[in-house]
Amino acid sequence: MRNNTGSLIAKGQAVYITGAIGQLPTIALASASSEMTSSKTFGITRDAISNNSNGVVVTFGYVEGLNTNAFNEGNTLWLSTTPGGFTNVRPTQPNHGVHIGWVVKKSAGDGHIFVQIQNGF
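Overview of the structure. (Residues numbered from 1 in each chain as written. Predicted model: local features only at pLDDT ≥ 70, side-chain atom pairs only at ≥ 80, totals over all residues. Heavy atoms only, no water.)

Take the pairing of strand 3 (residues 24–29) next. In terms of strand pairing, strand 1 (residues 2–3) meets strand 3 through two bridges, oriented parallel. Bridged to N3 within strand 3 is I27. (Pairing = 2+ DSSP bridges. Helix = DSSP H or I, 4+ residues; strand = E, 2+ residues; numbered from the N terminus.)

Here it is as structure tokens:
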């Protein structure tokens, strides 16, 4: 994936596809606050991606080394209204429900989530 947002996209951020450049999809931070930024939610960044750089986005599987201390193991994660973030509380209308995955390991710096994006809730 290609970050051309003008800013760093941090590790563990929810992203959506915005287009393509040089045969790579371009990404930006997803948010549950609008259809435009939630309906195309694609995955979670595996590592930080600098502006005008390429990186990996996990669409299915584990992302490790995150701060998951705000959640409990087994919590379902939903896309948040905070761009790139997630919450364990399903958003209600007018916000959009996008399932992100589950917390597998609770930790301040080595938390794990299992990603399985499901849209259309």
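From this point, the narrative continues.
All right, on to unusual backbone geometry then. Put simply, Q93 and P94 share a cis peptide bond, and its omega is 15 degrees. With respect to the helices and strands, the residue P94 is situated in the loop between strand 9 (86–87) and strand 10 (99–105). Of note in this structure, Q23 is not a glycine but carries a positive phi near 65 degrees. In this structure, Q23 sits in the loop between strand 2 (14–21) and strand 3. Judged by relative accessible area, Q23 falls into the exposed class, the value being 82%. The phi angle at N52 is positive, at roughly 60 degrees, despite the residue not being glycine. Within the fold, N52 resides in the loop between strand 4 (41–45) and strand 5 (53–54). Taking relative accessible area as the criterion, N52 reaches 46% and is therefore assigned partly exposed. (Buried < 20%, exposed > 50% of the residue type's maximum accessible area, 1.4 Å probe, protein only.)

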